[in-house]
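The lines below spell out each chain.
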Amino acid sequence: MPPAPKKKNSYRENEIPLMGGNVILYQRKGNKTGIWHCQIKLPGQGRHRFSTGERDEELAKQHALNKYQAFRTRIADGLDTKRWKWNDVVERYLMITIGVKPATVTHNTTPTIDRFNRAYFSEFFSRFRDIRLVTSDDIVDYWNYRIYYWQDDEFIKSKFKHLPGGMCNVSKKPNIRTLRHERNALKNIFMFARNEGIIQKVPQIQIPRNHPNIEEENHRGWFEKYEYEMLVHELMVRADPAGKLGINRLKKNHRKAHQTPQDYVCWLRMRFAVLVMANTGIRPQELKTLRWCDFKREYMPYSDENPVQVPFVYIDLQAYQSKVRKPREIFLRNPDKGWHLYNQFRELKQKFEPHSLKETDLIFASFRRRDKPATMSNMFK
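Residues numbered from 1 in each chain as written. Predicted model: local features only at pLDDT ≥ 70, side-chain atom pairs only at ≥ 80, totals over all residues. Heavy atoms only, no water.

Is there a simple way to think about a nonpolar patch on the surface in this case?
On the surface, Tyr302, Val308 and Val310 cluster together into a nonpolar patch covering about 300 Å² of accessible area. One can find Tyr302 in the loop between β5 (295–301) and β6 (309–317). (Patch = residues over 30% accessible without salt bridge, like charges linked within 9 Å, V, L, I, M, F, W, Y side chains within 5 Å. Areas by Shrake-Rupley, 256 points an atom, 1.4 Å probe, with all protein chains shown as cover. Salt bridge = Lys/Arg side-chain N within 4 Å of Asp/Glu carboxyl O. Helix = DSSP H or I, 4+ residues; strand = E, 2+ residues; numbered from the N terminus.)

When you look at the environment of Ile282 in this model, what are you seeing that I'm missing?
By the element assignment, Ile282 lies in the loop between α8 (261–280) and α9 (284–288). Separated by 48 residues in sequence, Ile282 and Ile330 place their C-alpha atoms 7.9 Å apart. Those residues in contact with Ile282 that sit more than four places away from it in its chain are Val276, Met277, Leu287, Leu290 and Ile330. (Contact = heavy atoms within 4.5 Å.)

Looking at this structure, I do not really get the sheet that holds β5. What am I missing?
Within a beta sheet, neighbouring strands are joined by backbone hydrogen bonds and run either parallel or antiparallel to one another. Strands sit in the order β5-β6-β7 across an open sheet of three strands; the sheet is antiparallel. The two strands at the open ends of the sheet, each matched to only one other strand, are β5 and β7 (328–331). For this sheet the average axis-to-axis angle between neighbouring strands, irrespective of direction, equals 45 degrees. Pairing geometry for β6 and β7, over four bridges, is antiparallel. Residue Leu317 lies in a different strand from β7, and its bridge partner there is Arg328. (Pairing = 2+ DSSP bridges. Axes fitted to C-alpha atoms, helices over the stretch in contact; angles between N-to-C directions.)

Whenever I open this one, the pairing of β6 confuses me. Can you help?
On a regular strand, each side chain points to the face opposite its neighbour's, so the side chains alternate between the two faces of the sheet. Inspection of the sheet shows β5 paired to β6 by seven bridges, in the antiparallel sense. Within β6, the position partnered with Lys296 by the bridge is Tyr314.

Help me out: how do you make sense of the packing of aromatic side chains in this one?
For the structure on display, the rule yields 29 aromatic pairs. Measuring from ring centre to ring centre gives 5.1 Å for Tyr120 and Tyr149, while their planes differ by 85 degrees; the resulting arrangement is edge-to-face. Of this pair, Tyr120 sits in helix α3 (residues 112–125) while Tyr149 sits in the loop between α4 (136–147) and α5 (153–159), placing them 29 residues apart in sequence. The same class applies to Tyr120 and to Tyr149, which are both buried. With centroids separated by 6.3 Å and ring planes inclined at 75 degrees, the aromatic side chains of Phe125 and Phe190 adopt a geometry described as edge-to-face. On the criterion of sequence distance, the pair formed by Phe125 in helix α3 and Phe190 in helix α6 (residues 176–195) is long-range, its members being 65 residues apart. The class of Phe125 is buried, set by a relative accessible area of 1%. Judged by its relative accessible area of 0%, Phe190 is buried. In this arrangement the basic side chain of Arg146 is found over the ring face of Tyr120, its NZ or CZ atom lying 3.9 Å from the centre. (Phe/Tyr/Trp six-rings, centres within 6.5 Å; stacked < 30°, edge-to-face > 60°. Buried < 20%, exposed > 50% of the residue type's maximum accessible area, 1.4 Å probe, protein only. Lys NZ or Arg CZ within 6 Å of the ring centre and 35° of its normal.)

Take a look at the structure:
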């Protein structure tokens, strides 16, 4: 019985086989543009289909043969022939580095690269069909796109119109330190792609120097000594529920004349928070995660020659609480005052709050919710 004839593809016409049938040039039925398409069969790699973008038959043949030779060269070099889009590379990078897909990361586990990718990288680099098409000139275009990203006010409104808070506080001039973090993130992604055999070389990733729209690196502001003393004194006055200080200055202000127990708890919480930050250097986001059991007091000898036991107070910060994701112990410079305020705040909080405290409760929690950090920025201002 003779073999059945092969069924022709319903969407092809004008097929031209090349390279012994491994390359098939064809046009799509009903397509009025006359553009030639190509199908390439590779050993152990399946079939690849793409458009040549050419209407001329000879140019389309040359384009298809060049593509076929490029694929064979990549296979001979042990490189991948798959088309890798930008988000596919980033997803693979995150899966290998942290073992989590970008769609499932939480606020506490979101890496810096994923945040930059959502904000800037994906929007710019997704226009490329393949990450191999990104060149050093495209990186120059990216920096121009990134540096002027927040210049248009209408764009900012449309970008954050879905947020309940409305406008977002963004800097129209990016800081050079932020751009350096983005540069390192880009390098990590491209170097990962090179190590995985996706690309052959990493493009040049350099931040433009002396750009007029880049904010130069500056140091954070800090309190002078007299300013810190004024701040501590003000908090000491406001967090004095028993009136032991004998200061009636608050009564001159009608808004502070009748403080409630909740006000005393909030002011004492702010005083304790300022003392902890000033004596330890802990970050504000780390401060909000502290629990009652994280504060510890122990005794140790003064020195090898002097065996007198000296008390010291420290914070046992866990890995999930730390910004650097590493556990560490943070010691208070003034352990006696820190331990006194710790106990004073705990007693006052236990006295006036509607529920009993647990060791795993947040120290700087809101007045009604033990599992929600308090918003102390308005009080601090």
